[in-house]
Amino acid sequence: MADSIAWIPGVLLLGAAVNGLLTLCSAHRGGPKKGMVIPFALGAPWIAFALSVMAFFKVKGGEVLSTSLYQWFDGTLFTVDVAFQMDSLSAVMILVVTGVGALIHTYAVGYMSKDPGFGRFFSYLNLFTFFMSILVLGSSPLLLFVGWEGVGLCSYLLIGFWWKDGAKAQAGSKAFIVNRIGDVGFVLGVLLIISTVAASGKSVHDFASLEAFATGDGKAALESPFIGSFSVVEVAGFLLRLGAFGKSAQLPLYVWLPDAMAGPTPVSALIHAATMVTAGVYMVARLHFLFVMAPTAMAFVAIVGALTALFAATIGIAQNDIKQVLAYSTVSQLGFMFAAVGVGAFSVGIFHVVTHAFFKALLFLGAGSVIHGPHEEQDMRKMGGLIKIMPITGWTMIIGSLALSGVPPFSGFFSKDEILASTLHPHPAFPGGIGPILYVILTIASLCTAFYTFRMVWLTFFGESRVDPEVRKKAHESPAIMTLPLVILAVGAAAIGFLGVPHALGGHNVFGSFVRQTVTSEVEAAHEGSGALLLVGIAVAIAILGVLTSYWFYRVRPSIPGRLFAGLGGFGRLVASAYRVDALYAKTIVNPLTRSAKRIFYEVIDVRFVDGLVNFFGSFTKGLAGLMRLFQTGAVRTYVFFMMIGAILLVWSVFSWS
Amino acid sequence: MDVSLSLVTFLPLLGAVLLLLMPERLGGQIHRLGFLISLVTAALSLCFFFGFDEGTARLQFEESYSWIPSLGVNFHLGLDGISILLYVLTAVLTPLAILASVGSVNRRIKEFVSMLLVLESFMLGTLAAADVFVFYVFWELMLIPMALLIGVWGGPRRIYATVKFVLFTVAGSLPMLLAILYLYASYRSQGIGAEGVSGGFDFQSLAHLTLTEKEQTFLFLGFALSFVIKLPLFPVHTWLPDAHTEAPTAGSVVLAGVLLKMGGYGLLRYALPLFPLGAAKFTPFILVLCVIGIIHGALVALAQTDIKKLIAYSSVSHMGLVALGIFAANEMGIRGSIYQMLAHGLSTGALFLLVGVIYERRHTRELSEFGGIAKVMPWFAAVFLLTTFASVGLPGLCGFVGEFLVLLGVFAKSKVMAALAALGMILGAWYMLKLVKGVFYGELTNKENEGLPDLSAKEITVLVPLVLLMILAGVYPMPFLNKTDASVEALVRRINMEVPAEPDVSAFSDDQGNKIIVTGAKDDR
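Computed from a prediction, not measured in an experiment: that's the story for all the values here.

**What about the overall build of chain B?**
So, step 1. Across its full length, chain B holds 19 helices and two strands.
So, step 2. Computed over its C-alpha atoms, the radius of gyration of chain B comes to 22 Å, within 12% of the 24 Å expected for a compact globule of 525 residues.
So, step 3. Reported as C-alpha extents along the three principal axes, the dimensions of chain B are approximately 75 × 60 × 40 Å.
So, step 4. Buried positions account for 68% of the 525 residues belonging to chain B.
So, step 5. When the accessible surface of chain B is summed, it comes to about 16,100 Å², and 65% of that surface belongs to carbon and sulfur atoms.
So, step 6. Distance from the positive charge centre (34 side chains) to the negative charge centre (37 side chains) of chain B: 7 Å.

**Quick look at the overall build of chain A**
So, step 1. Counting its regular elements, chain A contains 29 helices and four strands.
So, step 2. By principal-axis analysis of the C-alpha atoms, chain A measures approximately 110 × 65 × 60 Å.
So, step 3. A buried classification covers 60% of the 658 residues belonging to chain A.
So, step 4. Here the analysis covers contacts within chain A between residues at least 6 apart in sequence; of these, 79% occur between residues at least 24 apart.
So, step 5. For chain A, the exposed area adds up to about 24,700 Å²; of that, 71% sits on carbon and sulfur atoms.
So, step 6. Averaged over its 41 positive side-chain charges, chain A has a centre that lies 12 Å from the centre of its 32 negative ones.

**Remarks on the pairing of strand β1 (residues 65-75) of chain A**
So, step 1. Across nine bridges, the pairing between β1 of chain A and strand β2 (residues 78-86) of chain A is antiparallel. Each bridged residue has a counterpart across the sheet, and for Leu-65 of chain A the counterpart in β2 of chain A is Met-86 of chain A.

**Some words on the environment of Lys-458 of chain B**
Residues and elements named next belong to chain B.
So, step 1. By secondary structure assignment, the location of Lys-458 is in helix α17 (residues 457-475).
So, step 2. Judged by relative accessible area, which is 22%, Lys-458 ranks as partly exposed.
So, step 3. Considered as a pair, Lys-458 and Arg-32 are 426 residues apart in the sequence and their alpha carbons are 12 Å apart.
So, step 4. Those residues in contact with Lys-458, other than ones at most four positions away along the chain, are Leu-99, Ala-100 and Val-102.
So, step 5. Reaching out from Lys-458, the side chain makes a polar contact with the backbone oxygen of Ala-100 at a distance of 3.2 Å.

**What about the pattern of salt bridges?**
Residues and elements named next belong to chain B.
So, step 1. A full pass over the atoms with the stated rule returns 20 salt bridges over all chains.
So, step 2. Among the salt bridges present, the one from Asp-80 reaches Arg-269, with a minimum N-O distance of 2.7 Å. Here the residue Asp-80 occupies a position in the loop between β2 (73-79) and α3 (84-101), and Arg-269 occupies one in helix α10 (residues 249-274), the gap between them amounting to 189 residues.
So, step 3. On the basis of relative accessible area, Asp-80 is assigned to the buried category, the value being 5%.

**A few points about empty space enclosed by the protein**
Residues and elements named next belong to chain A.
So, step 1. Tallied over the full model, the rule gives nine cavities of 30 Å³ or more.
So, step 2. Estimated volume of the second largest cavity: approximately 170 Å³.
So, step 3. Considering the residues around the second largest cavity, the lining is formed by 15 residues, among which Pro-141, Leu-142, Val-190, Ile-194 and Val-204 are closest to the centre.
So, step 4. Elements with a contribution of two residues or more to the lining of the second largest cavity: β2, α5 (141-159) and α6 (166-199).

**Some remarks on the layout of surface pockets**
So, step 1. The computed volume of the second largest pocket comes to approximately 880 Å³.
So, step 2. Taken together, 31 residues form the lining of the second largest pocket, with Ile-177, Val-178, Ile-589 and Val-590 of chain A together with Trp-430 of chain B sitting closest to its centre.
So, step 3. Of all the elements in the fold, those that place two or more residues in the lining of the second largest pocket are α6 and α28 (581-628) of chain A together with α11 (276-302) and α16 (415-440) of chain B.
So, step 4. Per-class residue counts for the lining of the second largest pocket are 22 nonpolar, four polar and five charged.

**A closer look at the interface of chain B and chain A**
So, step 1. Each partner contributes to the interface: chain B provides 70 residues, whereas chain A provides 57 residues.
So, step 2. For the pairing of chain B and chain A, the buried interface totals around 5,500 Å² over both sides, and the portion due to carbon and sulfur atoms is 77%.
So, step 3. Between the two partners, chain B and chain A, sit two salt bridges.
So, step 4. The interface formed by chain B and chain A contains 15 residue pairs in polar contact (both at pLDDT 80 or more).
So, step 5. Top element by residues in the side of chain B that touches chain A is α16 of chain B. It accounts for 13 residues.
So, step 6. Class assignment of the residues belonging to the side of chain B that touches chain A gives a composition of 50 nonpolar, nine polar and 11 charged.

**With respect to the pairing of strand β1 (residues 60-68) of chain B**
For a regular strand, the rule is simple: side chains alternate between the two faces of the sheet.
Residue and element names in this part refer to chain B.
So, step 1. Pairing analysis gives six bridges linking β1 to β2, with the strands arranged antiparallel. Directly across from Ser-64, in β2, lies its bridge partner His-76.
So, step 2. Between β1 and β2, which pair antiparallel one after the other, the connecting turn spans four residues, and Gly-72 there sits at a positive phi close to 75 degrees.

**Side note on the confidence of the model for chain A**
In regions of low pLDDT, the predicted coordinates are not meant to be interpreted in detail.
So, step 1. Summary statistics for chain A give a mean pLDDT of 87 and a share of 94% for residues scoring 70 or more.
So, step 2. Between the elements of chain A, mean pLDDT differs from a low of 59, seen in helix α24 (residues 522-525) of chain A, to a high of 95, seen in helix α4 (residues 118-137) of chain A.

Reading the values: the criteria
- Residues numbered from 1 in each chain as written.
- Chains lettered and ligands numbered in written order.
- Predicted model: local features only at pLDDT ≥ 70, side-chain atom pairs only at ≥ 80, totals over all residues.
- Heavy atoms only, no water.
- Helix = DSSP H or I, 4+ residues; strand = E, 2+ residues; numbered from the N terminus.
- Rg over C-alpha atoms; globule rule 2.2 N^0.38 Å.
- Buried < 20%, exposed > 50% of the residue type's maximum accessible area, 1.4 Å probe, protein only.
- Areas by Shrake-Rupley, 256 points an atom, 1.4 Å probe, with all protein chains shown as cover.
- Lys, Arg positive; Asp, Glu negative; His and termini not counted.
- Charge placed at Lys NZ, Arg CZ, Asp CG, Glu CD.
- Contact = heavy atoms within 4.5 Å.
- Pairing = 2+ DSSP bridges.
- Polar contact = N/O pair within 3.5 Å; in protein donor to acceptor, adjacent residues only side chain to side chain.
- Salt bridge = Lys/Arg side-chain N within 4 Å of Asp/Glu carboxyl O.
- 1 Å grid on protein atoms, 1.4 Å probe; cavity = no way out; pocket = protein on both sides within 12 Å on 5 of 7 lines; lining within 4 Å.
- Points joined across faces, edges and corners; volume = space filled by probe spheres on them.
- Nonpolar A, V, L, I, M, F, W, Y, C, P; charged D, E, K, R; others polar.
- Buried area = accessible area lost by both parts, 1.4 Å probe.
- pLDDT = per-residue confidence, 0-100.

What follows is the structure, given as structure tokens:
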């Protein structure tokens, strides 16, 4: 009991509850004292991390840890327990969630130190980590969904953390609602699977029994045709992926993520880069046994992932807000991950989740530090030369950028290289030709990635300072509580890739083997050793090309970007405004819906039609009542007479009816 | 501890009589005494909750007194898995509603509290009634105190709202009366309730009636109309927004929390099991109406600028889901519906209380009057937010389990309907978050909102039990869900006509030394 993995969510919930209550109880006295908040705020994630590490060593020995607390609810032929399990896949995820999470919590103590909502912030942040731990440790699809929706709630609360700004509150609502579109897909997918299982007369209660069903007795039922030629599992896979597209900000549901940058920067780092947004990738890897049976849904996802990767990367090039660059970069990198799990390279996708968690958390925290330094400035056009003022932030961010760009030997190189290589060996049931197309799209996206990343580096840290001289005097490096996490994350971003050195480079891909303890599917195994040296060479060349081009554009010939942008004309502006997708959605979906809700559903159907009918009957009855008054003579004889008629009619109708 | 069901059911009514005898000048004390009476009722009702035997579908805590022997009508009460949760919900919500009205209702306090207590008794009676006649009497009686609550203590358009409410309800009641009379005639002619032989005119013996498909069709219509109006189902829902907007807070809480559920309860108790062939005929049509109701209610909620009206329309959407689960007519759908009724009672009850909190302070419910309130009322904001997410169906709070089970049940019936109903999840989040943002977030610009006091001790006392229940029902639903199992299973078998209804009454009637003549129990169809 004492070493149960249930303690991991347990301590996190405790932290959230304590700080939540502290905050509420002192809400009218300016919030709790920082000294009271910090022990639980930091204690919870660090203890959870320590517990995760201890559990990890057991899992490493080949054990699968599980613990069941109680039965949540049940239905015909299925039960849902509040139960947790930790296999190698969950272990990787929980280490990232609690490890990177604890670092970000620590950083946030510095970042939020002057914020009046200090206690509330950490209550939410702990609650988020709690739900994230439920998401990755939950032993059944429905418990995963608890975490899934819970992190959505925390994301909503934290994006709108500074709710006095109505636009920020709106961004929070938007995130939750767009996510819900995906969630409906997720729920329907789960319904379809549970119904299929129930129809076969079997009972499932967790991932393990579901996997046994899918690969054993239930294979035929799952592969039977459902809609047209699509099998049950294809449709379920498609629906589940819709959920993943929402949570992990893929086309066409990515629109909430750039707006989510309204939240405090540690939130962007933790939720909208390192952990929550990768939940979709985790879910796909977790249900890999279903997805491999659905090659069409997988191909669809790989293509959507690749297109998202390219689409968002091009937008990233044209952003001037440092957090927007990173936001679109995250959308793009998530696209890479989906391309990987889409072709069946589940462990590769998860590997990129891990490396990305390090370097993107680092970049966001670095951006936070930059914003903090020149006093709440996010526009890169008003930065420049900051490396002299904030060297630790600058150099750690450069490490993160190298990792993001895929420059060897930084971590992003290894995971991205593997993704590119794996696209050339997709699921065997894919239509031919998809692999190379994916490869080309992702390679172009990689080029854009290296370019926009270093564009950001050059604009922010190098060149002439464009910071307002007044502000510049006050600009400073961030305190140690913020820079220390940066340094630790930088070490991770630089080194963690060595866990997955491919065989082509003489490595053993320890990471891949570990994840494959859990994710055992043939599609996955096909990738072992696929990274030919030529591909590695191309990947390196692309990354360096991107970095050098951006150097040329922004350091050597700074006049080029402006002229190029002018030369592109309307297209350039379209890209800079993120292809105006938000406006498009507003025009085609949101506005027509809200307008018809008011003008048609309310004013016409309810008010004019239904109520009009009711009021008509009302006045009709009034008129009838006037007529009836004639019968109310007050004479008993008349009443008896009418009663008799009524009784006769009633009796007659009863008998004639039967 | 043995508690008499009839005692608990009539305790509020007796209390009301006591209150009415007291002198008007005692105002506040009368209010407190009324609260105390309903609190005792709630406490006693918990005896039924904890003493409930989950293993049987039979009526429990049964009591029967001969009432109109010549007609075979007994004053027969009992609870089973279909009614137990709603019975306790009613008993628990009423004291909260009464407490919430302390200080906010200052006119005719004595009558106001009495009406709430009378209404409570009638609602409890409706749920506990085992005899169809008794049920009908309670069902009709419920109308009176509710109409008075709206009509006397309501807002500016209270007369219109009351008339509309009464008209809709009566439009449903008359066909039900006719159907009951017809039922009685057949019941006598088939000799089930022959004079001197007591089976009673109760729903258990009525299950043994042999009715042709045509009869069932008409009888189903007669009963169901009344129930779907109460629910309410699209398109007979427009009385609800008006009734809610005009009703005083306590009235809205009871209306949304319990009264609407009577429609669902009636469908489960009478319309579906007694006339399965009739129900089957209308099911596809009603399922479509449910889905329209879910989406229509949600869209119209989105278009509202009056907070209370918005929540009223959200009820239309949620109750559409309840009806959907009922007409899915399988175990998961019905269990889900019952659970959804419980959850909706808690969350929407809480939402109306919360709207009352703000209305009392500002005497307006227009969204545009608010904004940035979280700054001055952080406690209020926190409770509102939690309730919002309970209402939206976030897993871990009460709304999710019922919603999921209903969708699962409907999915087995019609996948398209389930998919369409699931769209309510998106729209639900949309209108509720719009509401939260409009009231709580942004700059506090309206001067009148600057000095608003946060929740008072009384308001916290009212809301905390609901908050705890919303969390409990979400995190640990089994103690509630388990209560429904056996009865729902029996009900589903009855609806699907798999077996003739068990002559459950016999066990009870044997105590009285009576025998039941069972005829036509076998389905000859």
